[in-house]
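The primary structure of each chain is shown beneath.
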Amino acid sequence: METSTLLERLNDAQRRAVSAAADQHLLVLAGAGSGKTRVLTHRMAWLCQQHHLSPYSLLAVTFTNKAAAEMRSRLGELLQMPVSGLWVGTFHGLAHRLLRLHWQEAGLPQNFQIIDSDDQLRLAKRIVKELGLDDKRWPPKQAVWFINARKEEGRRAAHLEAHGNPIEQGWIRIYLAYEAACQRGGQVDFAELLLRVVELLRDNDSLREHYQNRFSHLLVDEFQDSNELQYAWLRLLTGEHGTLFAVGDDDQSIYGWRGAKVANLLNFEQDLKGSEVIRLEQNYRSTALILKAANALISNNDNRLGKELWTAGEEGEPLTLYTAYDERDEARFVCQQVQNWVDNGGRRDEMAVLYRSNAQSRIFEEALISAVIPYRVYGGLRFFERAEIKDSLAYLRLLNNPHDDISFERAVNHPPRGIGVRTVEQIRLQAQQGQVSLWEATEQLLAAKTLKGRAASALAGFLTLMEQINTHCNGLDLGAQVEQVVEGSGLKIHFEKDRSDKGRARVENLQELVGAAGSFQGDAHAEMSPLDAFLAHAALEAGETQGGEWEDCLQLMTLHSAKGLEFPVVFMVGIEEGLFPHQRTLEEPKQLEEERRLCYVGITRARQQLYLCHAENRRLYGRELYPQPSRFLEELPAECLQELRPRLNVRRPVYRSAASNQAAAPTPRGRGQGVGKRVRHSKFGEGVVTDTEGQGDHARVQVNFATAGSKWLVLSYAKLEYL
Ligand code: ATP
Ligand code: MG
């Protein structure tokens, strides 16, 4: 695109930010939808076109893979060039790339692997046990939290002081052992990725200078949510001569609970000499009424830098406030509105359902399945987190690095090959005593002939199997390697034996994995082997690129993951005291303000229509609740809202008064077979009744099962359990 046209698409303040002098540090501090991300991408294009910088001398960072992909594609359009090798990504993704290039200097083995939170927890469990600590007093979850929080503050176990506090001392001991185990196994958790890179650049002068020269410009989106470590990293890369361009909004800071520091925004001017702050106040995203509601809500927060958004756009429709009878009625209402939108020529992917807690998605999924509305859940059960996929990845990682203990534990007796818990205990003990990996400990035990007959031969068999797979994989391309592992490990046959739908789905997932590996392109970096790149992709991008992305699907996600995105139609659901604001934030004014910012983020995702829903009864986490409408709803100006109540347009389900829940529970015959009911079938799992026909012994129901699809069943045979 021509430079002149590049600036034409911006307002004055935006243009000033984009075309600021090339060596000007700049902070764009502005509300939602005011074009911060747009300014950031245009700035990159401007630097390349006007100042003839290579796009490879820019490093741009954002928070989610989805946002990074979006940024890359916007940039590709502006620059009219392929953008795959550019340094545009998430903090974790970019840190990982640097560590792959400089593993040696970073003190890592070349084949180091990224572990996710699930692996991290397993490792913590093992360590608590190995240290002989009681896991009730030292819950592994809390250990993980302790370790991550310290890492995010940039502190190693060796730097910590217990000051005679025995509890602190215990956590430090666990942290130390955890670090040692990771180092031995070549494992790197998410917080470690960043900490390593910060240490690498801090301690290695020539490397730091190299990158400071290489990246003349650093650009960061969603700056309000950067934590101390991320900021330290940015500052190290900026050095004396680099230029930092940050965009952010204090009103959208929603990761305080994970150590994000709004102070980074506040201190920008002090930290970066000669910097300038530009404010944008015109919103281009939402209608005037949506914006008015957002402004009114956020004005209830005390700790603000203070800014008001306005729009030149139209007033738009009032926000719809729907008081649902219960959570199913809420879901039904959303389905109906989605259907209306589609019937009027709209697309499903123009709409998003946003909720506070992941657990809320299930009810929507059921309602959507029965209404046959395609949908996609972000951050739900992610492909790379499914058990059978993690099993296969464990074999791949173990092939890559036999000293990967986490993978060893996962693979050694899965599928079952007669290696019992006691044998594994023995291996662990041996490993602990000799400070070696589980693989080496196994070799030692076998060589010393310490193990009994069957255990010994089963273990020897496992080692031989791994060596065989390794030999067979030699020279194969990535897809074929993964296929070799899936079959050679026995996993495929193991799951094939399970004839249930679940078993079949697992085998399909394994095939999907082989396919994914076969077509895996990765970013064309020479610094990684294809297998390394694929494993890193699996760990870093888990789920964000689920299948079906290209289809026209309704989008479901938490409010947190909606940050930075926009949709013509937004449904915010479950806006109730205790759910949103979340129960644990009610006592703490600071946390309550963070919840309000989250609500502000939600409202400002909507471009044309916003639905706010709450229910009078809610079953969640297996409990029946009678929640009050959220205080946030009361903070919205009445003139922005139009209220809808279910009494006007639905019949309340009569059988489900909470007191008589048991007595009036529906039976499989008669009224119980009704459309919309949730049922469980011994083979097909859970589903929703979508149609009925016939009576008595011939009565049939059509059920849409979550995994098995739609089926007609004869009631008298099907033995459906009504939920
Ligand atoms: P958030 O705080 O939610 O991340 P943001 O400040 O990053 O929002 P953008 O996503 O960059 O805002 O922009 C919001 C919408 O407004 C986008 O659709 C963008 O294309 C549009 N927009 C921004 N600036 C202009 C402009 N000058 N003219 C027309 N449209 C604009
Ligand atoms: Mg943005």
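This write-up is about the structure you can find in this document.

Thoughts on the overall build of the chain
Here comes step 1: Secondary structure assignment for the chain yields 28 helices and 22 strands.
Here comes step 2: Here the C-alpha atoms of the chain give a radius of gyration of 28 Å, agreeing with the 27 Å that 2.2 N^0.38 yields for 723 residues.
Here comes step 3: Expressed as a percentage of its 723 residues, the buried residues of the chain come to 54%.
Here comes step 4: In the chain, the share of contacts with a sequence separation of at least 24, taken over all contacts with a separation of at least 6, comes to 74%.
Here comes step 5: Charged side chains of the chain number 86 positive and 95 negative; the gap between the two group centres comes to 6 Å.

Here's the deal with the nonpolar core
The nonpolar side chains of soluble globular proteins are, as a tendency, buried together.
Here comes step 1: Core analysis: the biggest nonpolar cluster contains 47 residues, and Phe408, Phe462 and Val482 have the highest contact counts within it.
Here comes step 2: No other element matches helix 21 (residues 453–473), which puts 9 residues into this core.
Here comes step 3: Once you skip the residues sitting within four places of it in the chain, Phe408 turns out to touch Leu398, Ile427, Leu438, Trp439, Thr442 and Phe462.

Concerning the site of ligand 1
Here comes step 1: In the vicinity of ligand 1 there are 20 residues, among which Gln14, Lys36, Gln252, Glu566 and Arg605 approach most closely.
Here comes step 2: Between Gly33 and ligand 1, the recorded distance is 2.9 Å, taken from a backbone N or O atom to an oxygen atom.
Here comes step 3: Within the side chain of Glu566, a nitrogen or oxygen atom sits 2.5 Å from an oxygen atom of ligand 1.
Here comes step 4: Taken by itself ligand 1 offers 630 Å² of open surface, and the protein chains cover 86% of this.
Here comes step 5: For the shell around ligand 1, the element with the most residues is helix 3 (residues 36–50), which contributes 3 residues.
Here comes step 6: Class assignment for the residues of the shell around ligand 1 results in 3 nonpolar, 9 polar and 8 charged.
Here comes step 7: Inspection of the shell around ligand 1 shows a minimum of three residues originating in each of domain 1 (3–104 + 194–282) and domain 3 (319–381 + 550–643).

What about empty space enclosed by the protein?
If you roll a probe as big as a water molecule over the atoms, it shows you where there is empty space left.
Here comes step 1: Tallying each qualifying case throughout the model produces 1 cavity of 30 Å³ or more.
Here comes step 2: Reported here for the largest cavity is a volume of approximately 170 Å³.
Here comes step 3: If you trace the largest cavity, you find 18 residues lining it, with Asp116, Asp119, Lys390, Leu393 and Arg397 closest to the centre.
Here comes step 4: For the lining of the largest cavity, the class distribution of residues is 10 nonpolar, 1 polar and 7 charged.

Side note on the state of the cysteines
Here comes step 1: Within the structure shown, the criterion is met by 0 disulfides.
Here comes step 2: Unpaired in this structure, Cys335 has its nearest cysteine sulfur neighbour in Cys613, at a distance of 11 Å.
Here comes step 3: Cys599 takes part in no disulfide bond, and the closest cysteine sulfur, belonging to Cys613, lies 13 Å away.
Here comes step 4: On the accessibility criterion, Cys599 (4% relative accessible area) is buried.

Here's the deal with the environment of Phe684
Here comes step 1: Mapped onto the elements of the fold, Phe684 is located in the loop between strand 18 (678–681) and strand 19 (685–693).
Here comes step 2: Along the sequence, Phe684 and Arg376 sit 308 residues apart, while their C-alpha atoms lie 22 Å from each other.

Regarding the packing of aromatic side chains
Here comes step 1: Evaluation of the coordinates by the stated rule reveals 15 aromatic pairs.
Here comes step 2: With centroids separated by 5.4 Å and ring planes inclined at 65°, the aromatic side chains of Trp87 and Phe215 adopt a geometry described as edge-to-face. You can see Trp87 sitting in strand 3 (residues 87–90) and its partner Phe215 sitting in the loop between helix 10 (205–214) and strand 6 (217–220), a full 128 residues away along the chain. Of the two residues examined, Trp87 and Phe215, each falls in the buried class.
Here comes step 3: Each ring, one from Phe333 and one from Tyr611, has its centre 5.9 Å from the other, and the planes form 70°; the classification is edge-to-face. Of the two residues, Phe333 sits in helix 15 (residues 327–343) while Tyr611 sits in strand 14 (residues 606–615), which places them 278 residues apart along the sequence. Grouping residues by exposure puts Phe333 and Tyr611 together as buried.
Here comes step 4: Within the aromatic cluster, the residues linked to one another by ring pairs are Trp138, Phe146, Trp171 and Tyr175.
Here comes step 5: Across from the ring centre of Phe112, 3.8 Å away, lies the NZ or CZ of Arg100, which sits over that ring.
Here comes step 6: Its guanidinium or amino end placed over the ring of Phe146, Arg150 lies 4.8 Å from that ring's centre, counting from NZ or CZ.

A few points about the pattern of salt bridges
Here comes step 1: A full pass over the atoms with the stated rule returns 48 salt bridges.
Here comes step 2: Salt-bridge contacts for Asp249 lead to Lys307; the nearest nitrogen and oxygen are separated by 2.5 Å. Linking Asp249 in the loop between strand 7 (243–248) and helix 12 (263–266) with Lys307 in the loop between helix 14 (288–298) and strand 9 (319–324), this pair joins segments that are 58 residues apart in sequence. Comparing Asp249 with Lys307, the two get one shared label, buried.
Here comes step 3: The partner of Glu566 in a salt bridge is Arg285, and the shortest N-O contact between them spans 2.6 Å. On the criterion of sequence distance, the pair formed by Glu566 in the loop between strand 12 (554–558) and strand 13 (567–572) and Arg285 in the loop between strand 8 (276–280) and helix 14 is long-range, its members being 281 residues apart.
Here comes step 4: Linked through salt bridges whose partners overlap, the residues forming this network are Arg126, Lys129, Glu130, Asp405, Glu409, Glu425 and Arg428.

Looking at the sheet that holds strand 17 (residues 641–644)
Paired through their backbone hydrogen bonds, the strands of a sheet run either parallel or antiparallel.
Here comes step 1: Spatially, 11-12-10-13-14-9-17 is the arrangement adopted by the 7 strands of the open sheet, whose pairing is parallel. Strands at the two margins of the open sheet, each flanked by one partner only, are strand 11 (375–377) and strand 17. Strand-to-strand twist of the sheet, defined as the mean angle between neighbouring strand axes without regard to direction, takes the value 20°.
Here comes step 2: In terms of strand pairing, strand 10 (residues 351–355) meets strand 12 through 4 bridges, oriented parallel. Counterpart to Leu354 in the pairing with strand 12 is Met557.

Focus: helix 26 (residues 589–603)
Here comes step 1: With 15 residues, helix 26 should cover 21 Å at 1.5 Å per step; its first-to-last C-alpha distance of 21 Å lies within 8% of that length.
Here comes step 2: Listed as buried for helix 26 are Leu592, Glu593, Glu594, Glu595, Arg596, Arg597, Leu598, Cys599, Tyr600, Val601, Gly602 and Ile603.
Here comes step 3: Lining the buried residues of helix 26 we find helix 14, strand 10, strand 13, strand 14 and helix 27 (631–634).

Conventions we followed
Residues numbered from 1 in each chain as written. Chains lettered and ligands numbered in written order. Predicted model: local features only at pLDDT ≥ 70, side-chain atom pairs only at ≥ 80, totals over all residues. Heavy atoms only, no water. Helix = DSSP H or I, 4+ residues; strand = E, 2+ residues; numbered from the N terminus. Rg over C-alpha atoms; globule rule 2.2 N^0.38 Å. Buried < 20%, exposed > 50% of the residue type's maximum accessible area, 1.4 Å probe, protein only. Contact = heavy atoms within 4.5 Å. Lys, Arg positive; Asp, Glu negative; His and termini not counted. Charge placed at Lys NZ, Arg CZ, Asp CG, Glu CD. Core = buried A, V, L, I, M, F, W, Y, C linked by side-chain atoms within 4.5 Å. Near = heavy atom within 4 Å. Polar contact = N/O pair within 3.5 Å; in protein donor to acceptor, adjacent residues only side chain to side chain. Areas by Shrake-Rupley, 256 points an atom, 1.4 Å probe, with all protein chains shown as cover. Nonpolar A, V, L, I, M, F, W, Y, C, P; charged D, E, K, R; others polar. Domains from an automatic or database assignment. 1 Å grid on protein atoms, 1.4 Å probe; cavity = no way out; pocket = protein on both sides within 12 Å on 5 of 7 lines; lining within 4 Å. Points joined across faces, edges and corners; volume = space filled by probe spheres on them. Disulfide = S-S within 2.5 Å. Phe/Tyr/Trp six-rings, centres within 6.5 Å; stacked < 30°, edge-to-face > 60°. Lys NZ or Arg CZ within 6 Å of the ring centre and 35° of its normal. Salt bridge = Lys/Arg side-chain N within 4 Å of Asp/Glu carboxyl O. Pairing = 2+ DSSP bridges. Axes fitted to C-alpha atoms, helices over the stretch in contact; angles between N-to-C directions. Expected span 1.5 Å × (residues − 1).

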